[in-house]
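Here is what each chain is made of, one letter per residue.
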Amino acid sequence: MAESTGMNFPVTTLKAGKHLIRAEVASTEAQREQGLMFRRELPKNNGMLFVFDRPARSCMWMKNTALPLSVAFIDANGTILNIEKMEPFTLDSHCSKGWIRYALEMNKNWFAKNGIKAGSKISGLP
């Protein structure tokens, strides 16, 4: 995780099936609050990984986020519990269907286009 985006987010590489993901890591409260807000684009295989301090049920929303995204809620073992689509600039809550340690935001429909679904594994998680 040596690389930096200039936005104070460290970067790591994750693997979903045969796909490599360049993920910015939001592991502090301030980083999780900022997330992808105010971004105008997200490169094809890039995303934002939210790391939570301990397992919890968690929800995400899109206030001040201009990009249509999909979010995968991931448990401590790297298994995706559910994937939700999120529309820009909404306050709709998109929640995990169980206890998670991670949430991975990617461009909308990225998971479906790449055959990644509930039950799929994400490796390389911190």
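In this text the structure is predicted, and so the values were computed from the model without any measurement.

A. Structural detail: the state of the cysteines. One pass over the structure, following the stated rule, counts one disulfide. Note on cysteine connectivity: Cys 59 is disulfide-linked to Cys 95, with sulfurs 1.9 Å apart. Here Cys 59 and Cys 95 share a disulfide; its torsion about the S-S bond, 105°, makes the bridge right-handed. Taken together, the residues span a long stretch of sequence, with Cys 59 in strand β4 (residues 59-60) and Cys 95 in strand β7 (residues 94-95) at a distance of 36 residues. Given the relative accessible area of 34%, Cys 59 is considered partly exposed. Taking the relative accessible area as the measure of exposure, Cys 95 reaches 29% and is therefore partly exposed.

B. Focus on unusual backbone geometry. The backbone phi angle of Phe 38 is positive, close to 70°, even though this residue is not glycine. Its identity as a non-glycine residue notwithstanding, Phe 89 has a phi of 55°, on the positive side. Residue placement: Phe 89 occurs in the loop between β6 (80-86) and β7.

C. Representation of the packing of aromatic side chains in the model. Taken as a whole and assessed by the stated rule, the structure comprises one aromatic pair. Ring centres of Trp 110 and Phe 111 lie 5.3 Å apart, and the angle between their planes is 90°; this geometry places the pair in the edge-to-face category. Across the pair, exposure class does not vary: Trp 110 and Phe 111 are buried alike. Taking the ring centre of Tyr 102 as reference, the NZ or CZ of Arg 101 above it sits at 5.8 Å.

Criteria and cut-off values
Residues numbered from 1 in each chain as written. Predicted model: local features only at pLDDT ≥ 70, side-chain atom pairs only at ≥ 80, totals over all residues. Heavy atoms only, no water. Disulfide = S-S within 2.5 Å. Helix = DSSP H or I, 4+ residues; strand = E, 2+ residues; numbered from the N terminus. Buried < 20%, exposed > 50% of the residue type's maximum accessible area, 1.4 Å probe, protein only. Phe/Tyr/Trp six-rings, centres within 6.5 Å; stacked < 30°, edge-to-face > 60°. Lys NZ or Arg CZ within 6 Å of the ring centre and 35° of its normal.

This is a description of form; function is not addressed.
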